[in-house]
Amino acid sequence: MAFGDEKHIENDPPEEEEEEDDEDEEDIPDPIDVKREECSSLSECQKLKTELEVCNERVNSRSNTEETCTQELYDFFHCTDHCVAKTLFSKLK
């Protein structure tokens, strides 16, 4: 069959998309997101977050710069991920 050569059967009801009942389901927070929030407030990670924010402000204040805050971002993520890794796997099924 070529594209567009679909056969239609008479009196065939149209396909209905499945509707999800979002009201019945509870939104369970992702454990990694919860733990990342907790870890980002630790003092050692908070220092790195401050460095990242200062770098972002410095870069955004300039109109023509090659500087990026990649290293500061990596350092902050490394800190939070290291903290999360200690307890995350005990919460997974």
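Residues numbered from 1 in each chain as written. Predicted model: local features only at pLDDT ≥ 70, side-chain atom pairs only at ≥ 80, totals over all residues. Heavy atoms only, no water.

The name an unreviewed UniProt entry assigns to the chain is Cytochrome b-c1 complex subunit 6, from the organism Saccoglossus kowalevskii. Under the Function (unreviewed entry) heading, UniProt states for the chain: "Component of the ubiquinol-cytochrome c oxidoreductase, a multisubunit transmembrane complex that is part of the mitochondrial electron transport chain which drives oxidative phosphorylation." Turning to the chain, the UniProt annotation filed under Subcellular location (unreviewed entry) states: "Mitochondrion inner membrane". (UniProt positions renumbered as here; feature names shortened; annotations may be inferred.)

### Overview of the environment of Val84
Mapped onto the secondary structure, Val84 falls in helix α3 (residues 70–91). You can call Val84 buried: its relative accessible area is 4%. For the pair Val84 and Glu38, spaced 46 residues apart in sequence, the C-alpha to C-alpha distance is 8.8 Å. Leave out the neighbours within four places in its chain, and Val84 touches Ile32, Lys35, Arg36 and Cys39. (Helix = DSSP H or I, 4+ residues; strand = E, 2+ residues; numbered from the N terminus. Buried < 20%, exposed > 50% of the residue type's maximum accessible area, 1.4 Å probe, protein only. Contact = heavy atoms within 4.5 Å.)

### A short note on the environment of Val59
Within the fold, Val59 resides in helix α2 (residues 43–61). On the accessibility criterion, Val59 (16% relative accessible area) is buried. Every residue in contact with Val59, bar those within four places of it in the chain, is listed here: Thr65, Glu67 and Cys69.

### Looking at the packing of aromatic side chains
Across all of its chains, the model carries one aromatic pair by this definition. Ring centres of Phe76 and Phe77 lie 6.1 Å apart, and the angle between their planes is 35°; this geometry places the pair in the tilted category. The exposure class assigned to Phe76 is buried, which follows from its relative accessible area of 10%. According to the relative accessible area criterion, Phe77 is partly exposed, its value standing at 40%. (Phe/Tyr/Trp six-rings, centres within 6.5 Å; stacked < 30°, edge-to-face > 60°.)

### Some points on the side chain of Ser40
Within the fold, Ser40 resides in helix α1 (residues 31–40). Under the relative-accessibility criterion, Ser40 is labelled buried at 10%. Look past the residues within four positions of Ser40 in its chain and what remains in contact with it is Cys45, Gln46, Phe76 and Thr80.

### Structural notes on the nonpolar core
In terms of nonpolar packing, the biggest core is built from seven residues, these being Cys45, Leu52, Cys55, Val59, Cys69, Phe76 and Cys79. Contributions of two or more residues to this core are made by α2 and α3. Excluding residues within four positions of it along the chain, Cys45 makes contact with Cys39, Ser40, Phe76, Cys79 and Thr80. (Core = buried A, V, L, I, M, F, W, Y, C linked by side-chain atoms within 4.5 Å.)

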